[in-house]
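# Results of the structural survey
Each chain, written out:
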Amino acid sequence: RLNSCNIKAGSRFSGIIEHAGDNPIKICMNEGSMLRLERDARSIIIGCTEGTLWITQQDDFTDYLLHSGDCLAINRKGLVVITAFSDAKAELLL
């Protein structure tokens, strides 16, 4: 499933991705950092365990703010962008 959603830590990513076969994948993101889930990320659950995350999905006109303890199930095919509003920690449940 990880390979199918293709996690991309682009030029605006600052943090650590721990995914060596782990489920959930644990991510530490620095404030302002962005992470992309490309291709089909449907059914992945993004959980915020610390800080605040801003989530956008391709073809979804709603943006989602996740605070510590919140989660979001991705329900659309296409690009998902995760942005850290503050230093944040997340888990991706595949």
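The notes below deal with the structure included here. The model shown is predicted, which means the values in this text are computed figures rather than measured ones.

## A word on the overall build of the chain
Counting secondary structure elements, the chain contains one helix and 10 strands. Secondary structure elements of the chain occur, N-terminal to C-terminal, as α-β-β-β-β-β-β-β-β-β-β. Rg of the C-alpha trace for the chain: 12 Å, near the compact-globule value of 12 Å for 94 residues, within the 12% margin. Taking the principal axes of the C-alpha coordinates as reference, the chain spans close to 30 × 25 × 25 Å. With 94 residues in all, the chain has 36% of them scored as buried.

## Some words on the pattern of salt bridges
Per the counting criterion, the structure on display carries three salt bridges. With its nearest N and O atoms 2.9 Å apart, the salt bridge here joins Arg36 to Glu38. Residue Arg42 pairs with Asp40 through a salt bridge whose shortest N-O separation is 2.8 Å. Judged by relative accessible area, Asp40 falls into the buried class, the value being 19%.

## A closer look at the pairing of strand S7 (residues 64-67)
In the sheet, strand S6 (residues 52-57) pairs with S7 via four bridges, with the strands oriented antiparallel. Within the sheet, the bridge partner assigned to Leu53 lies in S7 and is Leu66.

## Focus on the sheet that holds strand S9 (residues 80-84)
In spatial order, the strands read S1-S4-S9-S6-S7; together these five strands make up an open sheet with antiparallel pairing. Each having just a single partner strand, strand S1 (7-8) and S7 make up the two edges of the open sheet. With two bridges joining them, S1 and strand S4 (residues 34-37) adopt antiparallel strand pairing. Residue pairing across strands places Ile7 opposite Leu37, the latter belonging to S4.

## Re the packing of aromatic side chains
Inspection of every chain in the model, using the stated rule, returns one aromatic pair. Plain terms: the ring middles of Trp54 and Phe85 are 5.8 Å apart, the flat faces sit at 55 degrees to each other, and that makes the pair tilted. One end of the pair, Trp54, is in strand S6; the other, Phe85, is in the loop between S9 and strand S10 (88-93), with 31 residues separating them in the sequence.

## A word on the sheet that holds strand S8 (residues 71-73)
The strand order across the open sheet formed by five strands is S2-S3-S10-S5-S8, and the pairing between neighbours is antiparallel. Both outer strands of the open sheet, strand S2 (15-18) and S8, are each paired with one neighbouring strand and no more. Strand-to-strand, the axes of this sheet are offset by a mean angle of 15 degrees, without reference to chain direction. Note: strand S3 (residues 25-29) against S10, five bridges, orientation antiparallel.

The rules behind each value
- Residues numbered from 1 in each chain as written.
- Predicted model: local features only at pLDDT ≥ 70, side-chain atom pairs only at ≥ 80, totals over all residues.
- Heavy atoms only, no water.
- Helix = DSSP H or I, 4+ residues; strand = E, 2+ residues; numbered from the N terminus.
- Rg over C-alpha atoms; globule rule 2.2 N^0.38 Å.
- Buried < 20%, exposed > 50% of the residue type's maximum accessible area, 1.4 Å probe, protein only.
- Salt bridge = Lys/Arg side-chain N within 4 Å of Asp/Glu carboxyl O.
- Pairing = 2+ DSSP bridges.
- Phe/Tyr/Trp six-rings, centres within 6.5 Å; stacked < 30°, edge-to-face > 60°.
- Axes fitted to C-alpha atoms, helices over the stretch in contact; angles between N-to-C directions.

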